[in-house]
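Reading the structure
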Amino acid sequence: MKGTFYWSVRRELWEHRSVWLAPLAVAAFVLVAFTYGLSRSAREIAATLSALPPGKQQHLVTMPFGLAASVILLTGFVVAAFYCVEALNTERRDRSILFWKSMPVSDLTTVLAKALVPVAVIPLVAYAIALATQAMVFTVSAVVLKALGADIGALWAKLPMTSMTLALAYGVAVHALWFAPLFALLLLASVAIRRPLPWVVVSVIALQLLEKIAFGTNYSGAFVKYRVMGAMTEAFRTDALREPVVQLSQLDPARFFTSPGLWLGLVAAAVFLSIAVRLRRLREPLS
Amino acid sequence: MATIEARGLRKTYGATKALDGVDLEVGAGRILGLIGPNGAGKTTALNAILGLTPCEGELRVLGRDPWRAREALMREVCFIADVAVLPRWMKVSQALDYVAGVHPGFDRARAERFLARAALPSGKRIGKLSKGMVAQLHLAIVMAIDARLLVLDEPTLGLDILFRKHFYDTLLNDYYDGKRTVLVTTHQVEEIEHVLTDVAFIANGRVVLQSTMDAFETRFAAVVVRPEQAPQARALEPIQERLVLGRSVFLFDGRERAQLQALGEVRSPGIADIFIALMNRAGGTAERTA
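Thresholds applied
Residues numbered from 1 in each chain as written. Chains lettered and ligands numbered in written order. Predicted model: local features only at pLDDT ≥ 70, side-chain atom pairs only at ≥ 80, totals over all residues. Heavy atoms only, no water. 1 Å grid on protein atoms, 1.4 Å probe; cavity = no way out; pocket = protein on both sides within 12 Å on 5 of 7 lines; lining within 4 Å. Points joined across faces, edges and corners; volume = space filled by probe spheres on them. Helix = DSSP H or I, 4+ residues; strand = E, 2+ residues; numbered from the N terminus. Pairing = 2+ DSSP bridges. Axes fitted to C-alpha atoms, helices over the stretch in contact; angles between N-to-C directions. Core = buried A, V, L, I, M, F, W, Y, C linked by side-chain atoms within 4.5 Å. Buried < 20%, exposed > 50% of the residue type's maximum accessible area, 1.4 Å probe, protein only. Domains from an automatic or database assignment. Contact = heavy atoms within 4.5 Å. Buried area = accessible area lost by both parts, 1.4 Å probe. Salt bridge = Lys/Arg side-chain N within 4 Å of Asp/Glu carboxyl O. Polar contact = N/O pair within 3.5 Å; in protein donor to acceptor, adjacent residues only side chain to side chain.

1. Some thoughts on empty space enclosed by the protein
Taken as a whole and assessed by the stated rule, the structure comprises three cavities of 30 Å³ or more. Put simply, the largest cavity is a space of about 80 Å³. Surrounding the largest cavity, Ser8, Arg11, Glu12, Glu91, Trp100, Val105, Thr110, Ala113 and Arg280 of chain A together with Arg70 and Tyr98 of chain B form its lining. Elements with a contribution of two residues or more to the lining of the largest cavity: helix H1 (4–15) and helix H6 (107–147) of chain A.

Structural data, given as structure tokens:
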């Protein structure tokens, strides 16, 4: 028999269909936009491409793949943040917490299942959708360029497929780990506060404003920026991000996995989640 | 071992004493009605029994401390804490999948039989079902779980009378087997009276009376007293005297049947009547001492 943890995760995906619908919708949009743009100006693109030096050619060829993947993954992480804010709150608003608590499922299992969704399930779903979209982008450009009589063989030769796919997987994994404390904090807010979303937004803004007024500094702003953007700076080689990440040499796992920011973040995530478990145990329906 | 053993349960919210030393013992196979006004501590007591809220005092449910072992306890305890707590976004079939997945004591085929009998569409979302259907779904799920204790907190609130009757009939005929324990609270006391084996009154955070229904019916009596005998009836210290359609009805606590029969027609009073009488008397005493 599959355990209570499996079913606890499964039920989250039944409830929060935006977890896969939102990235899917964005993927569909990207694909339509790409097909439209390519079919309208394929000739110009082909002309520009052949006029460029080989190094720049690779940039242009890989760009749509990287862009499509980033937009989809970004959507995934935004959805994940919203998911966290709601995850332990809706069950209290609609009183269904009384049903969930009538089942032999511990609060620990419940909270961990809800934490797994943003940290693992959404990134994996978004990654799968990103890969599928890239495959479609590939197919569409092959068909369009073939129809124009372009030399696609030479073009594809410039596409570092394997390293692109691996770099993307790496990017997803480091972001999921880096964002873990943020997700855990949002989950904690969702169980600790009656109306978590406005509270989270207002407190982040208020903190920066207060600091600015009181001390004229903006360390809190820098800290928020670090926790949001940090994976980019910690997990990739400096300067790597000025161009599309397509080569494994652009990754810097050694630095990322020895970064105190990562480990302190994971410790904080564990603390937030353990407080969330304790609070969930005490929680009753709102109203 | 009793199913529920509670001694001196206390719980305060700020200055309010929700539970002020609740003692309660419920044996296996009993159907206990917990009766009390709003704010008497019924829900708090049930929440403590279900491990939803911590409280002071000694509490054992099926031998476990509910607050420390809710997860383990819920394998043997079912509860319907309210009408309409099933998640509205869930499909009926998903609800069955989920419970089948997490509950080792759930018999899915049995639940599906109940649902088929109630003509519940399994592909629909719970939010699209009528209130009565949601209650039926919850009942079907609960009845398909092999539990030793079932707790019902206002399970039929807001449902129409036909459905309420059907609810308790189904519970008695298809669920209750003489070994399971059922604990139920409701405002519609008259509707569950005939179902109960035991009754407990709760007021101001205390259990003021706990009795089997047999003992209850022997202890309390209502007498329609002939006007000329009213003074004699008053001499027996009734717990309540009231006029019903121009006739005096006296309620007595622990008087000999023979004595009462001399006064007029003796009837078994309803739980609600006795409850009101006892509450008024307690209120009156409090006023006099104040």
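Picking up where we left off.
2. What about the pairing of strand S11 (residues 240–244) of chain B?
All names here are of chain B. As paired elements, S11 and strand S12 (residues 247–253) share five bridges and run antiparallel to each other. Residue pairing in the sheet places Glu241 in a bridge with Phe250 of S12. Counting the residues that bridge the hairpin from S11 to S12 gives two residues, and of these Leu245 lies at a positive phi of roughly 50 degrees.

3. Thoughts on the pairing of strand S1 (residues 4–13) of chain B
All names here are of chain B. Looking at chain direction, S1 and strand S4 (residues 56–61) are connected through five bridges and run antiparallel. The partner of Ala6 across the bridge, within S4, is Leu59. Here S1 pairs with strand S2 (residues 16–26) via eight bridges, running antiparallel. What sits directly across from Ile4, in S2, is Val26. Taking the residues between adjacent antiparallel strands as the criterion, S1 and S2 are bridged by two residues, where Gly14 takes a positive phi near 65 degrees.

4. Here's the deal with the sheet that holds strand S13 (residues 264–267) of chain B
Residues and elements named next belong to chain B. Strand order in the open sheet formed by four strands is S11-S12-S10-S13, with antiparallel pairing between adjacent strands. Since the sheet does not close on itself, it has two edges, and those belong to S11 and S13, each with one partner. Across the sheet, the axes of successive neighbouring strands diverge by a mean angle of 25 degrees, strand direction being ignored. Note: strand S10 (residues 220–225) against S13, four bridges, orientation antiparallel. In the sheet register, Val224 faces S13, and the bridge partner there is Glu265.

5. As for the nonpolar core
Membership of the largest hydrophobic core comes to 100 residues, with the highest contact counts inside it found for Val61, Tyr98, Leu137, Phe201, Phe216 and Ile271 of chain B. When residues in this core are grouped by element, the largest group, eight residues, is from helix H5 (residues 131–143) of chain B. For this core, the two domains that each supply at least three residues are domain 1 (4–211) and domain 2 (215–282) of chain B. Not counting the four nearest positions on each side in its chain, Leu137 of chain B is found in contact with Leu86, Val92, Leu115, Leu120, Ile126 and Leu129 of chain B. Judged by nonpolar contacts, the second largest core, of 41 residues, contains Val19, Val174, Trp178 and Phe183 of chain A.

6. Structural notes on the domain arrangement of chain B
By a widely used convention, the size of an interface equals the accessible area lost when the partners come together. All names here are of chain B. Here chain B is partitioned into domain 1 (4–211) and domain 2 (215–282). Its C-alpha centre places domain 1 at a distance of 33 Å from the equivalent point of domain 2. Three residues stand out in domain 1 for area buried against domain 2, namely Glu193, Phe201 and Leu209, and they jointly supply 49% of the buried area on that side. The tally of links between domain 1 and domain 2 comes to zero salt bridges. The tally of links from domain 1 across to domain 2 stands at two residue pairs in polar contact (both at pLDDT 80 or more).

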